[in-house]
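Architecture and fold: a report
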Amino acid sequence: MIYPIVAFGDNILRKEAADFHRDSEDLTKLVEGMFDTMYNANGVGLAGPQIGLSKRIFVIDSTKMEEDEETGIKRVFINPEILDEYGNEWEFEEGCLSIPDVHGDVLRPEKLTIRYFDELWNEHEEEFDALTARVIQHEYDHLHGVLFTDYIKGLKKQMLRAKLLSISKGMVKTDYRMKYPDKK
Ligand code: NI
């Protein structure tokens, strides 16, 4: 199932997502739908709030981003907890399926350690770095109501404002289905 993607301006993207309770959703169907929705929009990550589900779950596929495909991962993260972030901060141009046509450089630490459950409810504690860590950090932020545009400041942010407003009104074209908060 392909879900419409919630656009910038919707309050659900600003909410703290709730813990995902086992048996509260059909997890297999949900995960499949999240991956379908993400691939359909050519994304590399998708978080629950972006499909209108304010729960702590996200999916990522960084296999196509990493130069060496084997270092990328396709994975589901449930109730994730970033335990530590370290290494040098580095800048990377991010985008977001909820904020189409907007890109911006964001500084984030290079590495992280994260604890999470997978779709079979096995618990993991793992270290990730480079682009995979980057996607995890971006999606993890979604579970805490944070968007990558929040890190953009000053003049660049001022220039962004009109664009963000027009997205919330549905004045943007995407080749995937979206749900706009203020569309007339
Ligand atoms: Ni995003």
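For the structure, see preceding data.
Analysis parameters
Residues numbered from 1 in each chain as written. Predicted model: local features only at pLDDT ≥ 70, side-chain atom pairs only at ≥ 80, totals over all residues. Heavy atoms only, no water. Helix = DSSP H or I, 4+ residues; strand = E, 2+ residues; numbered from the N terminus. Rg over C-alpha atoms; globule rule 2.2 N^0.38 Å. Buried < 20%, exposed > 50% of the residue type's maximum accessible area, 1.4 Å probe, protein only. Contact = heavy atoms within 4.5 Å. Polar contact = N/O pair within 3.5 Å; in protein donor to acceptor, adjacent residues only side chain to side chain. Donors = N, O, S within 2.8 Å, 3.2 Å for Na, K, Ca; no water. Pairing = 2+ DSSP bridges. Salt bridge = Lys/Arg side-chain N within 4 Å of Asp/Glu carboxyl O.

**Observations regarding the overall build of the protein**
- When its secondary structure is counted, the protein shows three helices and seven strands.
- If you list the helices and strands of the protein from N to C, you get β-α-β-β-β-β-β-α-α-β.
- Here the C-alpha radius of gyration of the protein, 16 Å, is about what a compact globule of 184 residues would show, namely 16 Å.
- Along the longest, intermediate and shortest principal axes, the C-alpha atoms of the protein span 45 × 40 × 30 Å.
- Looking at the protein residue by residue over its 184 residues, the buried ones come to 51%.
- If you take every contact in the protein between residues at least 6 apart in sequence, the share linking residues at least 24 apart comes to 66%.

**Some thoughts on unusual backbone geometry**
- One non-glycine residue, Asp101, adopts positive backbone phi at about 70 degrees.
- Mapped onto the elements, Asp101 comes out in the loop between strand S4 (74-94) and strand S5 (104-117).
- One non-glycine residue, Trp121, lies in the positive phi region at around 65 degrees.
- Considering the arrangement of structural elements, one finds Trp121 in the loop between S5 and strand S6 (123-129).

**Remarks on the side chain of Thr132**
- Secondary-structure assignment places Thr132 in helix H2 (residues 130-142).
- By relative accessible area, which is 3% here, Thr132 ends up buried.
- Within the structure, Thr132 has its side chain in polar contact with the side chain of Ser62 (distance 2.7 Å).

**Some words on the coordination of the nickel ion**
- Donor atoms from the polypeptide that coordinate the nickel ion comprise Cys96 (SG), His138 (NE2) and His142 (NE2), at 2.1 to 2.2 Å from the metal.
- Sequence spacing of the donors to the nickel ion: C-x41-H-x3-H. With a gap of 46 residues between them, Cys96 in the loop between S4 and S5 and His142 in helix H2 connect regions that are remote in the sequence.
- According to the relative accessible area criterion, His142 is buried, its value standing at 1%.

**Points about the pairing of strand S3 (residues 57-61)**
- Burial analysis of S3 places five of its five residues in the buried class, the great majority of the element.
- Alternating residues of S3 divide into Ile57, Val59 and Asp61 and Phe58 and Ile60, and every residue in both groups is buried.
- Across three bridges, the pairing between strand S2 (residues 45-47) and S3 is antiparallel. Bridge assignment links Leu46 to a residue of S3, and that residue is Val59.
- The pairing of S3 with S4 spans five bridges and is classified as antiparallel. Bridging from a neighbouring strand, Val59 pairs with Val76 of S4.

**Describing the pattern of salt bridges**
- Tallying each qualifying case throughout the model produces nine salt bridges.
- Taking the shortest distance from any N to any O, the salt bridge between Asp150 and Arg14 comes out at 2.8 Å. Taken together, the residues Asp150 in the loop between H2 and helix H3 (154-168) and Arg14 in the loop between strand S1 (5-6) and helix H1 (27-40) connect sequence positions 136 residues apart.
- Overall, Asp150 belongs to the partly exposed group, its relative accessible area being 22%.
- Its salt-bridge partner being Arg134, residue Glu94 comes within 2.8 Å of it at the nearest N-O pair. Pair noted here: Glu94 is in strand S4 and Arg134 is in helix H2, with a separation of 40 residues, a long-range link. Each member of the pair, Glu94 as well as Arg134, carries the same accessibility label: buried.
- Several salt bridges share partner residues, and in doing so they unite Glu94, Arg108, Arg134 and Asp141 into one network.

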